[in-house]
Amino acid sequence: MKRLGALLALAAAVAGCDTVRNARLEQRSALRYARLSETNTVPDRVLFAGFMLPDFVTYATENRPDMIQARLAVSNAVLAVRTVQADGPLVPHVETSAGYSRRTNNGKHFSFEKMDGDPTGAVGLDFLVYDFGRTDAAEAEARENLGAAHLQLRQTALAVFREVAQAYFSLLEADAKLEAAHTNEYKYAEHLRQAEAMFAAEEAKKLDVLRARVDLSDARLATIVASNDQVVATASFMQALGIKTDEGCRDDVLPRRSDCLYVAVQELDESVFPDAEALHRARETSPELAYRRAKLRAASANVDWRIADLYPSVSFDASLSFTDRIWNFSWAGKALQSVYLGCRKTTAVEQAVVALKSAQAELLAAEQTLSGELAKAVASRDSARKELVAAHEKLRQAQENLATAEAQWRLGDMSRVDYSDAVKLYVEALGERAAAFYAGQRAEAALFSMVGVSPIYVENRVADPNVPRGGAQ
């Protein structure tokens, strides 16, 4: 009997050894984050020298917590399938037990001196013979949920791509607008120097100098606003990457470029399809719609399970007992059927049907929402392209207008108001061109994400021949 107990203990230890060891390792690793002393240390700095948009997206999809959670959801769905299979028909469940008990054997007088002891031990076998389709339905539902978890992982990855891409282009736009603000400040500072020189030579009025100083002050305030917008865009980009403030700064991640006004960064290919074709593609490739369809099939499998639960289950069990050196074997077959549970089971079927209809409605609602979002994204893409063409033309005209204004101002043939307006129009055109270009890139990122296809990167630098390489000044 002692040998049997030792063998049972050894079998249990071997069966659970690896599982328990791995669980303890993960537990210790996770609990580090629950201790402030462990999480409040200075982490390693991230260095992304030479990274482009695909590199940033790869980093975010590998390290962001929402991606980790999505991958864990897939692992959990895999375990759910294994759990259902473990409880299926004809899958044996073997249990062992061992024990030892002592009891008093008193006659007329109570005493603890006389006690008898008996060891016990048994091996039991139990398995389900037939369950009228419960396990098949449960496994079908679990597999559909597993497929949905994979689709949710894909959808999360596309959402991460969209967030990173749009934050990236917004930051590049903020860089260009800040450079435009510096250009604006430079122009007004130069104008002030000219006005002061002309006033000293009695070629301009004192009012011209005062107005030039006001214009320069306004330009400096605009630079402060643009700088703050760049800081906000930087924070949004770092958040999209999943980088905390103590892990890196802007210069560690995406160093500022000195040519951001006359060279734009195109990272994504240009799409050509209209909104109707985009919706047609999305029906086939969108993880969101595929996820809803998988959930609908899972709800249908749950209806099957609820219906199968109305029927009985047939099981078989056998036991071999080791007690007092006598081996006793027993077996039994049984069928279990609930007769009346207050209409709980029929109500459960009706609830499953309601859940099925709800999943169908969610699929239709998701498709309708996606259709509207795709139409908006296509409109934004087309609008950004038209605005970019108009912005290029406006910038060309503003450059000519400013060059004429500067020449006339030096000759004294233009008022301070007209010169100030020329500078303002020129700087606005610089900002509008950058805004239109990067708005188009953000629209492309949204389309890739919503249609559900992998982004097509081009990594191209688009130079404007109308702006000299020395900058926009």
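Residues numbered from 1 in each chain as written. Predicted model: local features only at pLDDT ≥ 70, side-chain atom pairs only at ≥ 80, totals over all residues. Heavy atoms only, no water.

## Remarks on unusual backbone geometry
Phi is positive for Glu459, close to 50°, though the residue is something other than glycine. With respect to the helices and strands, the residue Glu459 is situated in strand β6 (residues 457–463). (Helix = DSSP H or I, 4+ residues; strand = E, 2+ residues; numbered from the N terminus.)

## Things to note about the nonpolar core
Among the nonpolar cores identified, the biggest contains 47 residues, and Phe56, Val164, Tyr168, Phe237, Leu241 and Val253 are the most heavily contacted of them. For this core, the elements supplying multiple residues, two or more each, are α3 (53–63), α4 (65–86), α5 (134–200), α6 (206–241), β3 (263–268) and α11 (416–451). Examining the composition of this core, we find that 16 residues originate from one element, α5, more than from any other. Leave out the neighbours within four places in its chain, and Val164 touches Leu53, Phe56, Val57, Ala60, Phe237, Ala240 and Leu241. Listed in part, the 23 residues of the second largest apolar core include Tyr188, Ala195, Ala405 and Ala422. (Core = buried A, V, L, I, M, F, W, Y, C linked by side-chain atoms within 4.5 Å. Buried < 20%, exposed > 50% of the residue type's maximum accessible area, 1.4 Å probe, protein only. Contact = heavy atoms within 4.5 Å.)

## Describing the environment of Arg433
On the secondary structure map, Arg433 appears in helix α11. A relative accessible area of 6% means that Arg433 is categorised as buried. Considered as a pair, Arg433 and Tyr262 are 171 residues apart in the sequence and their alpha carbons are 10.0 Å apart.

## Things to note about the environment of Arg45
Counting through the fold element by element, Arg45 comes out in the loop between α2 (36–39) and α3. A relative accessible area of 46% means that Arg45 is categorised as partly exposed. Considered as a pair, Arg45 and Asp246 are 201 residues apart in the sequence and their alpha carbons are 7.6 Å apart.

## Section: the pattern of salt bridges
If you walk through the whole model with that rule in mind, you get 26 salt bridges. Note that Arg281 and Glu277 form a salt bridge whose closest N and O atoms lie 2.9 Å from each other. A residue pair is termed a helical-turn pair when its members lie 3 or 4 positions apart in one helix, as Arg281 and Glu277 do in helix α8 (residues 275–285) at four residues. A relative accessible area of 36% means that Arg281 is categorised as partly exposed. In this structure, the salt-bridge partner of Arg385 is Glu444, at a minimum N-O distance of 2.8 Å. With a gap of 59 residues between them, Arg385 in helix α10 (residues 344–411) and Glu444 in helix α11 connect regions that are remote in the sequence. In this structure Arg385 comes out as partly exposed when scored by relative accessible area, which is 29%. Overlapping salt bridges, with partners in common, bring together Arg64, Asp66 and Glu163 in one network. (Salt bridge = Lys/Arg side-chain N within 4 Å of Asp/Glu carboxyl O.)

## A look at the packing of α3 against α4
Relative to each other, α3 and α4 sit at 55°, their axes nearing to 5 Å. Taken together, the axes of α3 and α4 are oblique relative to one another. Facing Ala60, Thr61, Glu62 and Asn63 of α3, the residues of α4 in contact are Pro65, Met67, Ile68 and Arg71. Here the residues of the contact of α3 with α4 sort into four nonpolar, two polar and two charged. (Axes fitted to C-alpha atoms, helices over the stretch in contact; angles between N-to-C directions. Parallel < 35°, antiparallel > 145°, perpendicular 65-115°, else oblique. Nonpolar A, V, L, I, M, F, W, Y, C, P; charged D, E, K, R; others polar.)

## Quick word on the environment of Val303
Topologically, Val303 is positioned in helix α9 (residues 287–308). C-alpha separation for the pair Val303 and Val353, spaced 50 residues apart in sequence, amounts to 6.3 Å. For Val303, the contacting residues outside a window of four places in its chain are Ala352, Val353 and Leu356.

## Focus: α8
Turning to α8, its buried residues are Ala278, Leu279 and Ala282. In a view along the axis of α8, the buried residues occupy a sector of 100°, so they form one face of it. Turned more than 90 degrees away from the buried face of α8, the exposed residues are Ala276 and Glu284. (Arc of directions from axis to C-beta.)

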